[in-house]
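# What the coordinates show
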Amino acid sequence: MYLIAGLGNPGRAYENTRHNTGFSVIDVIAEKNGISVLERKHKALIGKGMIAGQKVILAKPQTYMNLSGESLREIVDYYKIDEKQEMIVIYDDVSMDVGQLRIRKKGSAGGHNGIKNIISHLGHDIFPRIKVGVGEKPGGYDLADYVLGHFTDCERRKIGESALAAEEAVQLLVQGETDAAMNAYNKKRAAGGNDESTDKAL
């Protein structure tokens, strides 16, 4: 069984903000695979279903971003999930262009407080993750204000496209095809419109 968790903050005030990109991607994954993510359990909204022939739990922790690890630790323990192989965390990244995806098998928090808390609760940083670029903070902006701000219409379209790509990547990840997913989706859109491959698995 796979746990696929998107990070964000609960409450209407945070809907569709940059920091809630993980929630938005989970919503797309749920819709594409006919899964309802409405059950309140383990400090999260969760839903169970099937993706690519695999049993999955979709989760949106409701602890607020900085305590995401509390919820995921409970889910991992309750369902006896091997988080090093079977937990996929989806979250926003301010170091990448809007809509860019980057899949990793492990890694540090990189300044992301939600990931930092998950690593703290698990005791290690070895778990697959999908990072979704939300754009770098403009000069003079406070980081918290920026990530809790909303996308422009153009940025929202890019995030919508990347959410669909992330759903396709999840199809590969739950089949154990992590390298294939990395090679297919770790690409950066070049200035001329061509895809420039980066961070390949091989």
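Coordinates for the structure precede this section.
Rules used throughout
- Residues numbered from 1 in each chain as written.
- Predicted model: local features only at pLDDT ≥ 70, side-chain atom pairs only at ≥ 80, totals over all residues.
- Heavy atoms only, no water.
- Helix = DSSP H or I, 4+ residues; strand = E, 2+ residues; numbered from the N terminus.
- Rg over C-alpha atoms; globule rule 2.2 N^0.38 Å.
- Buried < 20%, exposed > 50% of the residue type's maximum accessible area, 1.4 Å probe, protein only.
- Contact = heavy atoms within 4.5 Å.
- Areas by Shrake-Rupley, 256 points an atom, 1.4 Å probe, with all protein chains shown as cover.
- Lys, Arg positive; Asp, Glu negative; His and termini not counted.
- Charge placed at Lys NZ, Arg CZ, Asp CG, Glu CD.
- Axes fitted to C-alpha atoms, helices over the stretch in contact; angles between N-to-C directions.
- Parallel < 35°, antiparallel > 145°, perpendicular 65-115°, else oblique.
- Left-handed = near helix turned anticlockwise from the far one by under 90°.
- Nonpolar A, V, L, I, M, F, W, Y, C, P; charged D, E, K, R; others polar.

### Some thoughts on the overall build of the chain
What the chain contains, in helices and strands, is seven helices and nine strands. What you see for the chain is a C-alpha radius of gyration of 16 Å, in line with the 17 Å of a compact globule of 202 residues. Relative to its 202 residues, the chain shows a buried fraction of 51%. In the chain, of all internal contacts separated by at least 6 residues, the share reaching a separation of at least 24 is 65%. Just so you have it, the chain exposes about 9700 Å², and 46% of that area is on carbon and sulfur atoms. When the 27 basic and 27 acidic side-chain charges of the chain are each reduced to a single mean position, those positions are 2 Å apart.

### Description of the packing of helix α6 (residues 153-173) against helix α7 (residues 178-185)
Contact geometry of α6 with α7 gives a least axis separation of 8 Å together with a crossing angle of 155 degrees. Comparing the axis directions of α6 and α7 gives the class roughly antiparallel. Considering how the two elements wind past one another, α6 and α7 form a crossing that is right-handed. Judged by residue contacts, Ala165, Glu168, Ala169, Leu172 and Leu173 of α6 engage Thr178, Ala180, Ala181 and Tyr185 from α7. Considering only residue class, the contact of α6 with α7 consists of seven nonpolar, one polar and one charged.

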